[in-house]
There are 2 protein chains.
Amino acid sequence: MTIDLETLFEATARAVEARLDAALGVRPHDGERERPPRLVEAMRHAALGGGKRLRPLLMIETAKAFGRTDQGVVTAAGALECVHCYSLVHDDLPAMDDDDMRRGRPTVHKAFDEATAILTGDALLTIAFDLIANEDVHANAGTRLTLSRDLARAAGLGGMAGGQMLDLESENRERSEDEIRMLQSMKTGALIRYATRTGALLADAKPEDVARMTRFGELIGLAFQLADDLLDVESDTATLGKTAGKDIEAGKATLVALKGADWTRDAVKDLVREADGLLSTLGEDGARLSAIAHFVAERRA
Amino acid sequence: MTIDLETLFEATARAVEARLDAALGVRPHDGERERPPRLVEAMRHAALGGGKRLRPLLMIETAKAFGRTDQGVVTAAGALECVHCYSLVHDDLPAMDDDDMRRGRPTVHKAFDEATAILTGDALLTIAFDLIANEDVHANAGTRLTLSRDLARAAGLGGMAGGQMLDLESENRERSEDEIRMLQSMKTGALIRYATRTGALLADAKPEDVARMTRFGELIGLAFQLADDLLDVESDTATLGKTAGKDIEAGKATLVALKGADWTRDAVKDLVREADGLLSTLGEDGARLSAIAHFVAERRA
């Protein structure tokens, strides 16, 4: 069985972009007044400017593995992607990581201005909770509410935002291996875990399958972060589409810095091996998820 | 009938602070990893540092007027207050209104730093969607989901965040009366309208009562903003607990600047008169809501 991963990524990205394109129009939703064109434009710059759409792909492929393939899954994936894009906009701000480029284009505060970038992140985060509540996401309102609350917990002070806080505090400060793992499981792990867990919940998978796919997300979240840390030391700015070597320069705590590149490459392999083991009963769907896990671990940009 | 408004404000503020104190502890919720102490501390600085708790009071008193008084109403009010506090933290940032003082204390970016303030606002906004999903808010998960989605719409690009965008764009640029009204109905009106509307929904009020209390919130939202604009030109920094005269200095579009203080005072009176007219059937509860409306319109700080 061969998996054409490139085509899969492209098709998913197109579906997610189309959903975000519709959500980020100028026409207000019920209960909204008007949508300021400048803010809409900046949100679209942040959310529609390419990107691999890895988290949406993981959610959509996990839902597919448990039998659900309709458009509502794309809506939920779009909500998650809005949270991811908000985090990029705020992380790029001068007071945070101070990045001028993202996905080969100027960051929002460069293309617009800082105040607009702050509001753009705020509004992308906020609209995620509008999207995840959409009727097509799941027939049961209680399930939609659970997905909304879980998204808040994955994104907030005990998840992604908290991880970014720990990361900022790590600059030029020693961190133990355990501390770095906790930081990474929050900063990048929480949303990736949310992606696969939510995929299973959207398809009404059995509790043991939800637990298994939650663990799968956790493992590839860790692998993703380690691969990212490796890329930061091994790649260059042109290939990355963002500034290379920034983490090292900022004195940020990474496992690559603590344990070395060889150790890290081995750790990534172990994570992917464990992740693969969770997919054995899923047939062709499992093979696709496995291919994504390998892509995450072995990517070069 | 005399209403002791001061005691009412104080009792509500205490109840809301207690709820926020519990929500903003270091112990993680299910699905969260750990809560970084520095971020918790900054969120507590932003959310527990006093404030009138006007929006929670409006929600709680509206729910009471339609027969609901339990703790779940305070949870929903706490969610709304988190959104309000997040907006203050981000609005105070150097790239936005650049304020050093808030409620007589240093703003978050002054007491901590800019990156922490950005994350603090992000995490306060996010936790609102955890709180509003809490079981005690309403027995019906579908109602909780509606309240969550409505909160996103009131807070986001077609509500408060969009209003702040329009406000920033107004600096040193002419705005018509209609444009200023739209801006204000989004920037401050949307959350106040959400407060009274949600109060009615929490109590399962009849649709015509929900519509009436939505309109009530709209009217006092407008009155609140006009009173705020009057205060900016008539008060001083010590009384306000924030910098006075900033709007004028920034060349911001207000109706006071466009139509004058006398016209604005008359407009506030008209708004409160119409708001009062909506409360005629609500007896003592209506009298309390009326007293709050008059307080909003006539406050001197």
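Above: the structure in question.
Residues numbered from 1 in each chain as written. Chains lettered and ligands numbered in written order. Predicted model: local features only at pLDDT ≥ 70, side-chain atom pairs only at ≥ 80, totals over all residues. Heavy atoms only, no water.

Chemist: Help me out: how do you make sense of the overall build of chain A in this one?
Modeler: Looking only at helices and strands, one finds 15 helices and 2 strands in chain A. C-alpha atoms of chain A, sized along the principal axes, occupy 50 × 50 × 35 Å. When each of the 301 residues of chain A is scored for burial, the buried share is 62%. A sequence separation of at least 24 residues applies to 73% of the contacts in chain A between residues at least 6 apart. A total accessible area of about 11,100 Å² is found for chain A, and carbon and sulfur atoms account for 48% of it. Looking at charge distribution, chain A has the averaged site of its 38 positive side-chain charges lying 3 Å from that of its 51 negative ones. (Helix = DSSP H or I, 4+ residues; strand = E, 2+ residues; numbered from the N terminus. Buried < 20%, exposed > 50% of the residue type's maximum accessible area, 1.4 Å probe, protein only. Contact = heavy atoms within 4.5 Å. Areas by Shrake-Rupley, 256 points an atom, 1.4 Å probe, with all protein chains shown as cover. Lys, Arg positive; Asp, Glu negative; His and termini not counted. Charge placed at Lys NZ, Arg CZ, Asp CG, Glu CD.)

Chemist: Before we go on, may I ask you to explain the pattern of salt bridges in this structure?
Modeler: Side-chain pairs of opposite charge can arise whenever the charged atoms involved come near each other. All names here are of chain A. Throughout the structure, instances matching the rule amount to 54 salt bridges over all chains. In this structure, Glu274 engages Arg215 in a salt bridge whose closest nitrogen and oxygen atoms are separated by 3.0 Å. With Glu274 in helix α14 (residues 261-277) and Arg215 in helix α10 (residues 207-234), this residue pair connects regions lying 59 residues apart in the sequence. A residue is classified by how much of its surface remains accessible, and Arg215, at 30% relative accessible area, is partly exposed. Arg288 is the partner of Glu284 in a salt bridge, and the nearest nitrogen-oxygen pair spans 3.9 Å. Here the residue Glu284 and the residue Arg288 both occupy positions in helix α15 (residues 283-298), the gap between them amounting to 4 residues, near one helical turn. (Salt bridge = Lys/Arg side-chain N within 4 Å of Asp/Glu carboxyl O.)

Chemist: Just to check I follow, could you spell out the relation of the copies chain A and chain B for this structure?
Modeler: Note that the two copies of the chain are related through a rotation about an axis and a translation along the same axis. Each copy superposes on the other: chain A lies on chain B with an RMSD of 0.0 Å after a rotation of 180 degrees and an axial shift of 0.0 Å. Here the two chains are linked by the operation of a two-fold rotation axis. It is Leu145 of chain A whose C-alpha, among those of chain A, lies nearest the rotation axis, at 2.7 Å. A share of 100% of interface residues in chain A that are also interface residues in chain B marks the association as one of identical surfaces. (Least-squares fit on C-alpha atoms with pLDDT ≥ 70 in both.)

Chemist: Sorry, what's going on with the interface of chain A and chain B here?
Modeler: Size of an interface, as often reported, equals the accessible area lost when the parts are brought together. Taken together, the contact pairs 54 residues of chain A with 54 residues of chain B. The contact between chain A and chain B buries some 4,900 Å² in all, and 71% of this surface belongs to carbon and sulfur atoms. Considering only the surface of chain A that becomes buried against chain B, Arg33, Arg153 and Leu157 of chain A emerge as the three largest contributors, covering 17% of it. If you look at where chain A meets chain B, you find 4 salt bridges. Connecting chain A to chain B are 14 residue pairs in polar contact (both at pLDDT 80 or more). Of all the elements in the fold, those that place two or more residues in the side of chain A that touches chain B are α2 (37-47), α4 (71-91), α6 (114-131), α7 (141-155), α8 (160-169) and α9 (177-202) of chain A. Partitioning the side of chain A that touches chain B into residue classes produces 27 nonpolar, 12 polar and 15 charged. (Buried area = accessible area lost by both parts, 1.4 Å probe. Polar contact = N/O pair within 3.5 Å; in protein donor to acceptor, adjacent residues only side chain to side chain. Nonpolar A, V, L, I, M, F, W, Y, C, P; charged D, E, K, R; others polar.)

Chemist: Would you explain unusual backbone geometry in this entry?
Modeler: As a rule of thumb, non-glycine residues mostly have phi less than zero, and peptide bonds are mostly trans rather than cis. Of note in this structure, Asp98 of chain A is not a glycine but carries a positive phi near 55 degrees. Locating Asp98 of chain A in the fold gives a position in the loop between α4 and β1 (101-102). Even without a glycine there, the phi angle at Asp204 of chain B is positive, about 50 degrees. As for its position among the elements, Asp204 of chain B is in the loop between α9 (177-202) and α10 (207-234). On the basis of relative accessible area, Asp204 of chain B is assigned to the exposed category, the value being 57%.

Chemist: What's the story with the packing of aromatic side chains in this structure? I'm lost.
Modeler: The geometry of two aromatic rings is summed up by the distance between their centres and the angle between their planes. Applying the stated criterion across every chain, the model contains 3 aromatic pairs over all chains. Taking 4.8 Å as the distance between ring centres and 55 degrees as the angle between the ring planes, the aromatic pair formed by Phe9 of chain A and Phe295 of chain A counts as tilted. Of this pair, Phe9 of chain A sits in helix α1 (residues 5-23) while Phe295 of chain A sits in helix α15, and the two are 286 residues apart along the sequence. Among the residues examined, Phe9 of chain A registers a relative accessible area of 11% and is labelled buried. Each ring, one from Phe129 of chain A and one from Phe129 of chain B, has its centre 4.2 Å from the other, and the planes form 0 degrees; the classification is stacked. One end of the pair, Phe129 of chain A, is in helix α6; the other, Phe129 of chain B, is in helix α6 (residues 114-131), on a second chain. Across this residue pair, the class does not change: Phe129 of chain A and Phe129 of chain B are buried. Taking NZ or CZ as reference, Arg55 of chain A lies 5.4 Å from the ring centre of Phe224 of chain A, over its face. (Phe/Tyr/Trp six-rings, centres within 6.5 Å; stacked < 30°, edge-to-face > 60°. Lys NZ or Arg CZ within 6 Å of the ring centre and 35° of its normal.)

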